[in-house]
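Secondary and tertiary structure notes
The chain contents come next:
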Amino acid sequence: MPISPERQAELDGLGEDNVEILNPDGGFPCLILCDHASSALPSRYGALGLAPDDLRKHIGVDIGIDGVARGLAARLDAPLLSTRWSRLLLDCNRWIADPRLILSESDGIDVPANHGITDEEWQLRCDRYFWPYHRAVGRAVEALRMRERFPFLLSLHSCTRQLGSDYRKWDAGTIWHESDSLSNALIEALGQRGDLLLGDNAPYSGIGGTFTIDYHSWGTGLPACGLEIVNDGLRTDQAIAGWTDRLTAALAGIAARREQVWTLHNGRGHPPLQA
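I will try to describe carefully the structure that is included in this document. (Residues numbered from 1 in each chain as written. Predicted model: local features only at pLDDT ≥ 70, side-chain atom pairs only at ≥ 80, totals over all residues. Heavy atoms only, no water.)

**A closer look at the overall build of the chain**
Summing up its helical and strand segments, the chain has seven helices and eleven strands in all. Going through the 275 residues of the chain one by one, you find that 52% of them count as buried. Restricting the contact set of the chain to residue pairs at least 6 apart, pairs at least 24 apart contribute 84%. Of the roughly 12500 Å² that the chain leaves accessible, carbon and sulfur atoms contribute 52%. (Helix = DSSP H or I, 4+ residues; strand = E, 2+ residues; numbered from the N terminus. Buried < 20%, exposed > 50% of the residue type's maximum accessible area, 1.4 Å probe, protein only. Contact = heavy atoms within 4.5 Å. Areas by Shrake-Rupley, 256 points an atom, 1.4 Å probe, with all protein chains shown as cover.)

Rendered as structure tokens:
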């Protein structure tokens, strides 16, 4: 059922302060996204019943990735959109019906305040924290496409070296679904020094869907992928600066030949932005 103009106007002004937008008029042809940039929580939620140290673990934030994203935005004059709040409040990179959207337990750690939330609370979090982020991303993608003939989209994440019994041998890896054009270009660019083990749709695969990338690029021809950096390579300021240097060079090189990684529009659309 379509949203009424009155409801859309109400939603358009709801929760915009829950999105961080840096360098919105940046001249670089790549939009950078950071779905899990922060371990912070709105004051109304306290710490969700967790110890502060738990929020700073991977369950609460993609460790180190905010520094890389901010560094790239500054170095490349690139627009950057990030979430302001921890993924434990609500994960903006999950499908809205995914039971993992709001977790009551993560990596063996209980999240007390997320137990038994009401339908009203679930909808409030979606209205205030999920849709404002994706509306802002949608506007930023459209602005980039209006400004650039061959823009592209990169979503940055970090992950743990070990998850349960699963050991991730890679230093970083791409995530893609519809097209591997940007993934291939990024792996080639990052691999030039020969000192990284890079995964293609690994350690996480985007085949079958990854919300942010698919929702904002599927069917548009916009080259898009995610990059997961294993977070033991992001534990110090020096390590974060090193990855910023690598990605600055890699993305600048891709931008210089971006017409070569462009994929033609395939006619498939995605659902309209709505709450």
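**Structural notes on the side chain of Arg 125**
With respect to the element layout, Arg 125 can be found in helix α4 (residues 119–147). Beyond its immediate sequence surroundings of up to four residues, Arg 125 is in contact with Tyr 45, Leu 88, Leu 89, Leu 90, Ile 102, Ala 113, Asn 114, Ile 117 and Phe 130.

**Some remarks on the pairing of strand β9 (residues 172–175)**
Residue alternation in β9 divides its side chains into two sets, Ala 172 and Thr 174 and Gly 173 and Ile 175, and both sets are buried. Across three bridges, β9 lies against strand β10 (residues 198–200) in parallel orientation. Residue pairing across strands places Ala 172 opposite Leu 198, the latter belonging to β10. Read from β9 through helix α5 (residues 181–190) to β10, the crossover connection turns out right-handed. With four bridges connecting them, β9 and strand β11 (residues 224–230) associate as antiparallel partners. Of the residues in β11, the one forming a bridge with Gly 173 is Glu 228. (Pairing = 2+ DSSP bridges. Right-handed = clockwise from strand over helix to strand, strands pointing away.)

**Considering empty space enclosed by the protein**
Enumeration according to the criterion identifies one cavity of 30 Å³ or more in this entry. Its boundaries defined by the atoms lining it, the largest cavity holds a volume of some 60 Å³. As for the largest cavity, its lining consists of Asn 18, Thr 83, Arg 84, Trp 85, Ser 86, Leu 89, Leu 90, Cys 92 and Tyr 129. Each residue belonging to the lining of the largest cavity can be placed in one class, and the counts come to five nonpolar, three polar and one charged. (1 Å grid on protein atoms, 1.4 Å probe; cavity = no way out; pocket = protein on both sides within 12 Å on 5 of 7 lines; lining within 4 Å. Points joined across faces, edges and corners; volume = space filled by probe spheres on them. Nonpolar A, V, L, I, M, F, W, Y, C, P; charged D, E, K, R; others polar.)

**As for the environment of Leu 101**
Mapped onto the elements, Leu 101 comes out in the loop between β3 (80–83) and β4 (105–106). As a C-alpha pair, Leu 101 and Trp 122 span 21 residues in sequence and 9.5 Å in three-dimensional space. Filtering out sequence-adjacent residues up to four positions away, Leu 101 remains in contact with Arg 87, Leu 90, Asp 91, Arg 94, Trp 95, Ile 96, Trp 122, Cys 126 and Phe 130.

**Digging into the pattern of salt bridges**
Under the definition given, this model contains 15 salt bridges. Across the salt bridge formed by Asp 232 and Arg 161, the nearest N and O atoms sit 2.9 Å from each other. Placement of the pair is Asp 232 in the loop between β11 and α7 (237–256) and Arg 161 in the loop between β6 (152–159) and β7 (162–163), with a sequence separation of 71 residues. Looking at Asp 232, the relative accessible area reads 42%, which means it is partly exposed. Salt bridges here are not isolated pairs; linked through shared partners, they connect Glu 20, Asp 66 and Arg 70. (Salt bridge = Lys/Arg side-chain N within 4 Å of Asp/Glu carboxyl O.)

**Re the layout of surface pockets**
Quantified by volume, the largest pocket comes out at close to 830 Å³. Around the largest pocket, the lining comprises 34 residues; the ones closest to its centre are His 58, Arg 87, Asp 91, Arg 94 and Tyr 204. Counting residues per element, the ones that place at least two in the lining of the largest pocket are β6 and β7. In terms of residue count, β6 provides more of the lining of the largest pocket than any other element does, three residues in total. Broken down by class, the residue content of the lining of the largest pocket amounts to ten nonpolar, 13 polar and eleven charged. Contributing to the lining of the second largest pocket are Ala 189, Leu 190, Gln 192, Arg 193, Asp 245, Arg 246, Ala 249, Ala 250, Gly 253, Ile 254 and Arg 257. Elements that contribute at least two residues to the lining of the second largest pocket include exactly α5 and α7. No other element matches α7, which puts six residues into the lining of the second largest pocket. Here the lining of the second largest pocket is composed, by residue class, of five nonpolar, two polar and four charged.

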